[in-house]
Amino acid sequence: RLEVTWFMASLFIVIGHAGPFEIILDYNGNVFVETLSHIFFHIRRVGLPFFLLASGFLFGRSLRKGQPLIPRYEKALRRLTRIFLVWTIFYAFEPLGNTQLRENCLTYGMLTGYNWHIHYLAKQPLLLIIGGTKYNLWFIPSLITSISF
């Protein structure tokens, strides 16, 4: 049962970020389409709170099963940090998802665009720690923080 809910929440998040239903926001006065658009907009936002709650629940359940706190925490911290670092590195050099980087690379060339991007990231270390190189990654440091306290 949890797997089905996990899948649905993942689907809501992916669809919400992919934006295939953005087209229906141009409803031109059609009340049905406008209503459907608003319903979908709010339903797709259920996924993220579900993941936070489910992660906390599963972490707590593993502690109740007798796993010691420190080794369990260290394992979760290593796993989440590894995921965060891999995706941060990926998004640091992936220009399609970063509008400013893409525009700089197209306008001034790849080397100049990436050089400016790396300097921008280096000037903002706190933002890099909190959200990585793409705003979608804020969830992972938030999850790390939530299990830390």
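This report concerns the structure included in the present document.

Each value, and the rule that gives it
- Residues numbered from 1 in each chain as written.
- Predicted model: local features only at pLDDT ≥ 70, side-chain atom pairs only at ≥ 80, totals over all residues.
- Heavy atoms only, no water.
- Phe/Tyr/Trp six-rings, centres within 6.5 Å; stacked < 30°, edge-to-face > 60°.
- Helix = DSSP H or I, 4+ residues; strand = E, 2+ residues; numbered from the N terminus.
- Buried < 20%, exposed > 50% of the residue type's maximum accessible area, 1.4 Å probe, protein only.
- Patch = residues over 30% accessible without salt bridge, like charges linked within 9 Å, V, L, I, M, F, W, Y side chains within 5 Å.
- Areas by Shrake-Rupley, 256 points an atom, 1.4 Å probe, with all protein chains shown as cover.
- Salt bridge = Lys/Arg side-chain N within 4 Å of Asp/Glu carboxyl O.
- Lys, Arg positive; Asp, Glu negative; His and termini not counted.
- Charge placed at Lys NZ, Arg CZ, Asp CG, Glu CD.
- Contact = heavy atoms within 4.5 Å.
- Axes fitted to C-alpha atoms, helices over the stretch in contact; angles between N-to-C directions.
- Left-handed = near helix turned anticlockwise from the far one by under 90°.
- Nonpolar A, V, L, I, M, F, W, Y, C, P; charged D, E, K, R; others polar.

**Regarding the packing of aromatic side chains**
Here is step 1 of the chain: Under the counting rule described, the total for this entry stands at 7 aromatic pairs.
Here is step 2 of the chain: For the ring pair W87 and Y91, a centre distance of 5.7 Å and an interplane angle of 35 degrees mean the geometry is tilted. Of this pair, W87 and Y91 both sit in helix α4 (residues 69-93), separated by 4 residues, roughly a single helical turn.
Here is step 3 of the chain: Taking the centre distance of 6.3 Å and the plane angle of 85 degrees together, the rings of W138 and F139 count as edge-to-face.
Here is step 4 of the chain: Note on W138: relative accessible area 38%, which makes it partly exposed.
Here is step 5 of the chain: Site record: aromatic cluster; members linked through ring pairs are W6, F50 and F51.

**Considering a positive patch on the surface**
Here is step 1 of the chain: Taken together, the side chains of K75, R78, R79 and R82 make up a positively charged region of the molecular surface.
Here is step 2 of the chain: Examined against the element boundaries, R82 turns out to sit in helix α4.
Here is step 3 of the chain: Accessibility expressed as a relative area gives 53% for R82, which makes it exposed.

**Focus: the environment of T88**
Here is step 1 of the chain: Among the secondary structure elements, T88 is positioned in helix α4.
Here is step 2 of the chain: Beyond its immediate sequence surroundings of up to four residues, T88 is in contact with L128, G132, T133 and L137.

**Focus on the packing of helix α3 (residues 47-64) against helix α8 (residues 139-148)**
Here is step 1 of the chain: Look at α3 against α8: their axes get within 11 Å of each other, and the N-to-C directions meet at 35 degrees. Every pair of crossing elements has a handedness; the one defined by α3 and α8 is right-handed. Of α8, the residues touching α3 (which contributes L48, F51, L52, S55 and F59) are F139, L143 and I147.
Here is step 2 of the chain: For the contact of α3 with α8, the residue count by class is 7 nonpolar, 1 polar and no charged.

**Some words on the side chain of R72**
Here is step 1 of the chain: Turning to its location among the elements, R72 is positioned in helix α4.
Here is step 2 of the chain: Put simply, R72 is tucked away with no salt bridge, and the nearest opposite charge, on E74, sits 10 Å away.
Here is step 3 of the chain: Beyond its immediate sequence surroundings of up to four residues, R72 is in contact with F59, S62, L63, Q67 and R79.

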